[in-house]
Protein chains: 2
Amino acid sequence: MSKSAAERRTRKRLVTRQTISDVATRLFFERGFDHVTIDEIAEAADVGRMTVFNHFPRKEDMFFDREQEMRDVAFAAIQTRDAGTSPIQALGALAHRLIEQPHPSYPLFGGTYLFVETALASESLKARARQMRDDFVRALADVLADAVNRPRDDPDAHLAASLIASVWSVAFTQAHELFGRKRDTNEASRIFLDLIDRGTVGIGAALAGTAYI
Amino acid sequence: MSKSAAERRTRKRLVTRQTISDVATRLFFERGFDHVTIDEIAEAADVGRMTVFNHFPRKEDMFFDREQEMRDVAFAAIQTRDAGTSPIQALGALAHRLIEQPHPSYPLFGGTYLFVETALASESLKARARQMRDDFVRALADVLADAVNRPRDDPDAHLAASLIASVWSVAFTQAHELFGRKRDTNEASRIFLDLIDRGTVGIGAALAGTAYI
DNA sequence: TACATAAATATACTGAGTATAGAAAGCAAG
DNA sequence: CTTGCTTTCTATACTCAGTATATTTATGTA
């Protein structure tokens, strides 16, 4: 049982991490991110205060615990696109696919409502979300440049990446707000795809003549 | 001398504020934002610690002390545009005007190099800059909607505002980086206007058929 | 059993930001 | 000029996130 034994420590570590994350998420949803202290989380999870920081360097990391997954879905769509499909087209197609058959790591509107509202209620969480978006844009610029064999500092790659993030961000925000007003997933999906499609057209025009379109 | 006398208190207050701002800015440039404490600023400005917070609720406010002015330049360009000129066109024209005859409140590249590098070296300052951008996008959406007599929650206004912020942000960042590499203001200006122009075309395509183009 | 390593923890610290009460300065009116 | 009102400034004491460091406890291996 050497393999299982060798992993017990790792398993226990992950259990501790998950416990902290679960307890913290529950408290954040109940009382709002800003009204929960690290001490309370440590107490509720029955661990020492330093253990919390050991697993989550920043308080916000307990809330945004799936950053990487969403990012990977987008990058995979670009990297595994069919020959003859441009990166921009591939991302537009991804949006439609996500609406038709939602990805488990990428839930939309109804499924994210409480999560998004909790995030929007906290300046710290909004700040962290903006930072994540920034990091995403940087990484996306690299992926785009690689995808069409251009240097990573190609200004067009950065323009494309930034515009894509804007379009997705506005589309999601508007769909979320519409869902909040009407509680209608279909209508939210419609405005989401409409904004994505019009944005995609715009990005195509801005990048016309380059390899990204 | 009643008028002058009645304003002495106000004048003194502004002097105190300016002193703090000047001292803080100097320290930030010398040693980096994150390596200057509020206590040091208070000490160097010869005021009490609470006086600093009295004038600048957040540490970052001592660095970004001209947010509003830049915002006003952009909004004025939209609101005072000629009849027959669309908001998007007016902002495109503003970019060219700023390059030809730089606005005192809106210096570009060379004039902002140290300022920008200092901001980029600090996570707190970058976070504040992102927040300012977010606020700007929200306000810009309102100005755009008002300018073409559309409701302020018009999704198109938000799409336009977000795309504009992206384009300007990328254009400025790329120009700044190019200036850092080559120390050539002309080349920086060229890439800035090129990205603005291509972005403007893209925004026009995304918003085709609306009143914003 | 003995040794090595990783995880958890205790303690003490830094620094931004808040709350509050009080001191000092400016100002108006008698 | 002094009395009383308002604004600005300041001192004190706090909260909370995050860091540094050393120590303990649990686990894995020889």
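Above this text is the structure in question.
Residues numbered from 1 in each chain as written. Chains lettered and ligands numbered in written order. Predicted model: local features only at pLDDT ≥ 70, side-chain atom pairs only at ≥ 80, totals over all residues. Heavy atoms only, no water.

With that settled, consider the overall build of chain A. Helix and strand counts for chain A stand at 9 helices and 0 strands. Listing each helix as α and each strand as β along chain A from the N terminus yields α-α-α-α-α-α-α-α-α. Taking the principal axes of its C-alpha atoms as reference, chain A extends roughly 60 × 50 × 30 Å. For chain A, buried positions account for 45% of its 213 residues. Here the contacts in chain A between residues at least 6 apart in sequence split such that 68% fall between residues at least 24 apart. Roughly 11,100 Å² of accessible area belongs to chain A as shown, and the carbon and sulfur atoms make up 51% of that amount. Considering chain A, the positive charge centre built from 28 side chains and the negative charge centre built from 30 side chains are found 4 Å apart. (Helix = DSSP H or I, 4+ residues; strand = E, 2+ residues; numbered from the N terminus. Buried < 20%, exposed > 50% of the residue type's maximum accessible area, 1.4 Å probe, protein only. Contact = heavy atoms within 4.5 Å. Areas by Shrake-Rupley, 256 points an atom, 1.4 Å probe, with all protein chains shown as cover. Lys, Arg positive; Asp, Glu negative; His and termini not counted. Charge placed at Lys NZ, Arg CZ, Asp CG, Glu CD.)

So, on to the relation of the copies chain A and chain B. For these two chains of identical sequence, chain A goes onto chain B by a turn of 180° and a shift of 0.0 Å along the axis, with RMSD 0.0 Å. Taken together, the rotation angle and the small translation identify this as a two-fold axis. Looking at the rotation axis and the C-alpha trace of chain A, the residue lying nearest is Gly202 of chain A, at 2.1 Å. (Least-squares fit on C-alpha atoms with pLDDT ≥ 70 in both.)

What follows deals with the environment of Leu178 of chain B. Residue and element names in this part refer to chain B. Its location among the elements puts Leu178 in helix α8 (residues 155–182). A residue is classified by how much of its surface remains accessible, and Leu178, at 10% relative accessible area, is buried. Considered as a pair, Leu178 and Thr10 are 168 residues apart in the sequence and their alpha carbons are 44 Å apart. When residues no more than four places from it in sequence are discounted, the contact partners of Leu178 are Arg183, Glu187, Ala188 and Ile191.

Right, let's get into the packing of aromatic side chains. The full count for this structure, using the stated rule, is 24 aromatic pairs over all chains. Look at Phe28 of chain A and Phe63 of chain A: their rings are 6.4 Å apart centre to centre, the planes differ by 55°, and that puts the pair in the tilted class. Residue Phe28 of chain A is found in helix α1 (residues 2–31), and its partner Phe63 of chain A is found in the loop between α3 (49–55) and α4 (67–79); the two are separated by 35 residues along the sequence. For the pair Phe28 of chain A and Phe63 of chain A, a shared accessibility class is recorded, and that class is buried. Relative to Phe115 of chain B, the ring of Phe64 of chain B lies with its centre 6.0 Å away and its plane at 80°, an arrangement referred to as edge-to-face. Taken as a pair, Phe64 of chain B in the loop between α3 (49–55) and α4 (67–79) and Phe115 of chain B in helix α6 (residues 113–120) lie far apart in primary sequence, 51 residues in all. (Phe/Tyr/Trp six-rings, centres within 6.5 Å; stacked < 30°, edge-to-face > 60°.)

Next up on the list: the packing of helix α7 (residues 123–147) of chain A against helix α7 (residues 123–147) of chain B. Look at α7 of chain A against α7 of chain B: their axes get within 10 Å of each other, and the N-to-C directions meet at 95°. Taken together, α7 of chain A and α7 of chain B sit at an angle that is classed as roughly perpendicular. Contacts between α7 of chain A and α7 of chain B involve Glu123, Arg130, Gln131, Arg133 and Asp134 of chain A from the former and Glu123, Arg130, Gln131, Arg133 and Asp134 of chain B from the latter. (Axes fitted to C-alpha atoms, helices over the stretch in contact; angles between N-to-C directions. Parallel < 35°, antiparallel > 145°, perpendicular 65-115°, else oblique.)

Below, the discussion takes up the interface of chain A and chain B. Between chain A and chain B, the contact holds 26 residues from the first and 26 residues from the second. Carbon and sulfur atoms make up 56% of the surface buried where chain A meets chain B, a total of about 2,300 Å² over both sides. In this assembly, chain A and chain B are joined by 4 salt bridges. The partner of Arg198 of chain A in a salt bridge is Asp156 of chain B, and the shortest N-O contact between them spans 2.6 Å. Between the two partners, chain A and chain B, sit 11 residue pairs in polar contact (both at pLDDT 80 or more). Taken together, the elements giving at least two residues each to the side of chain A that touches chain B come down to α7, α8 (155–182) and α9 (185–206) of chain A. Per-class residue counts for the side of chain A that touches chain B are 11 nonpolar, 8 polar and 7 charged. (Buried area = accessible area lost by both parts, 1.4 Å probe. Salt bridge = Lys/Arg side-chain N within 4 Å of Asp/Glu carboxyl O. Polar contact = N/O pair within 3.5 Å; in protein donor to acceptor, adjacent residues only side chain to side chain. Nonpolar A, V, L, I, M, F, W, Y, C, P; charged D, E, K, R; others polar.)

This brings us to the pattern of salt bridges. Under the definition given, this model contains 32 salt bridges over all chains. For Arg128 of chain A, the salt bridge is made with Asp61 of chain A, and the minimal N-O distance between the two is 3.1 Å. Here Asp61 of chain A lies in the loop between α3 and α4 and Arg128 of chain A lies in helix α7, a separation of 67 residues in the sequence. With a shortest N-O distance of 3.3 Å, Lys182 of chain B and Glu187 of chain B are connected by a salt bridge. Take Lys182 of chain B: its relative accessible area is 49%, and that puts it in the partly exposed class. Using a relative accessible area of 23% as the deciding quantity, one classes Glu187 of chain B as partly exposed. Connected via shared salt-bridge partners are Glu123, Lys126 and Arg130 of chain A together with Asp134 of chain B.

If you check the backbone angles, Phe109 of chain A has positive phi at about 55° while not being a glycine. Considering the arrangement of structural elements, one finds Phe109 of chain A in the loop between α5 (87–100) and α6 (113–120). The class for Phe109 of chain A is buried, based on a relative accessible area of 1%. You will see that Asn149 of chain B, though not glycine, has its phi angle at about 55°, which is positive.

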